[in-house]
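Single-letter residue listing:
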Amino acid sequence: MSLEELIKNCKKGNRQAQGQLYTKYSSVLYGLCLKYSRNKTEAEDNLHDSFMIIFDKIDQFKFKGSFEGWIKRITVNTVLQKYRKEEFLSVVSENIPDEIDISSSQSDIGLATLLKYIQELPNKYRLTFNLYVLDGFTHNEISEMLGTSPGTSKSNLARARLILKQKIEKENINIA
């Protein structure tokens, strides 16, 4: 069955088509959820919530643009919406340099370790870091998504980079 037929069947509420769509895209969206979540359990919850919204809003997809891009955007927005409701997206009052170069740390840490470090970041830092560094959003776009100011986005990014740099340097000390 083609993707277009699958989407059309999902629009009709066909459970089998929904299952096939889930199977086709769940691993991609789960990876996306992992980036923005604190742990695997939270990522699974976010994935489930995202698919509920995707199936609820699938009638809004008009076959213009990428379907995968459309469901990824829904997934990111679903995760961010949960965090917007929490009180963690406040202004950071610490004095932190504008740019901290993580790559300057000579490190051979693995991708799994780096993902673990990113997941351990406080919510405000993890979300900002992922949106800016991994997904390429601007500080203005991030501030709109998270309901903060661009200055807060910059500060949160700098703090995230500093924390990651410290963890990577500590890892290198422990390895040496």
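Before reading further, recall that the structure is shown in the block above.
Residues numbered from 1 in each chain as written. Predicted model: local features only at pLDDT ≥ 70, side-chain atom pairs only at ≥ 80, totals over all residues. Heavy atoms only, no water.

Asks: Where do I start with helix α1 (residues 3–11) in this structure?
Replies: Count 3.6 residues to each turn of an α-helix, and residues three or four apart come out pointing the same way. Among all positions of α1, only L6, I7 and C10 are buried. End-on, the buried residues of α1 take up no more than an arc of 95°, which puts them together on one face. Phi for G13, located one or two positions after α1, is positive at around 85°. (Buried < 20%, exposed > 50% of the residue type's maximum accessible area, 1.4 Å probe, protein only. Helix = DSSP H or I, 4+ residues; strand = E, 2+ residues; numbered from the N terminus. Arc of directions from axis to C-beta.)

Asks: Looking at this model, I keep getting lost on the side chain of N123. Mind explaining?
Replies: Looking at the secondary structure, you find N123 in helix α6 (residues 123–134). Among the polar contacts made by the side chain of N123, one reaches the side chain of R38 at a distance of 3.3 Å. (Polar contact = N/O pair within 3.5 Å; in protein donor to acceptor, adjacent residues only side chain to side chain.)

Asks: Can you help me understand the packing of helix α2 (residues 15–36) against helix α4 (residues 67–84) in this one?
Replies: Helix-helix packing: each pair is described by the crossing angle between the helix axes and the interaxial distance. α4 packs onto α2 with a crossing angle of 45° between their chain directions and a minimal axis gap of 10 Å. With respect to each other, α2 and α4 are oriented oblique. As for the relative orientation of α2 and α4, their crossing is right-handed in sense. Of the residues in α4, those touching α2 at L21, Y25, V28, L29, L32, C33 and Y36 are F67, E68, I71, K72, T75, V76, V79 and Y83. Residue composition of the contact of α2 with α4, by class: 12 nonpolar, 1 polar and 2 charged. (Axes fitted to C-alpha atoms, helices over the stretch in contact; angles between N-to-C directions. Parallel < 35°, antiparallel > 145°, perpendicular 65-115°, else oblique. Left-handed = near helix turned anticlockwise from the far one by under 90°. Contact = heavy atoms within 4.5 Å. Nonpolar A, V, L, I, M, F, W, Y, C, P; charged D, E, K, R; others polar.)

Asks: Would you mind going over the pattern of salt bridges with me for this structure?
Replies: Oppositely charged side chains are able to pair whenever their charged atoms sit close together. Counted according to the given criterion, the structure contains 7 salt bridges. Note that K72 is salt-bridged to E68, the shortest N-O span being 3.3 Å. One end of the pair is K72 and the other is E68, both in helix α4 and 4 residues apart, which spans about a single turn. A relative accessible area of 32% means that K72 is categorised as partly exposed. What you see here is one network of salt bridges that share partners, running through K116, E120 and K167. (Salt bridge = Lys/Arg side-chain N within 4 Å of Asp/Glu carboxyl O.)

Treat this as a map of the structure, not an account of what it does.
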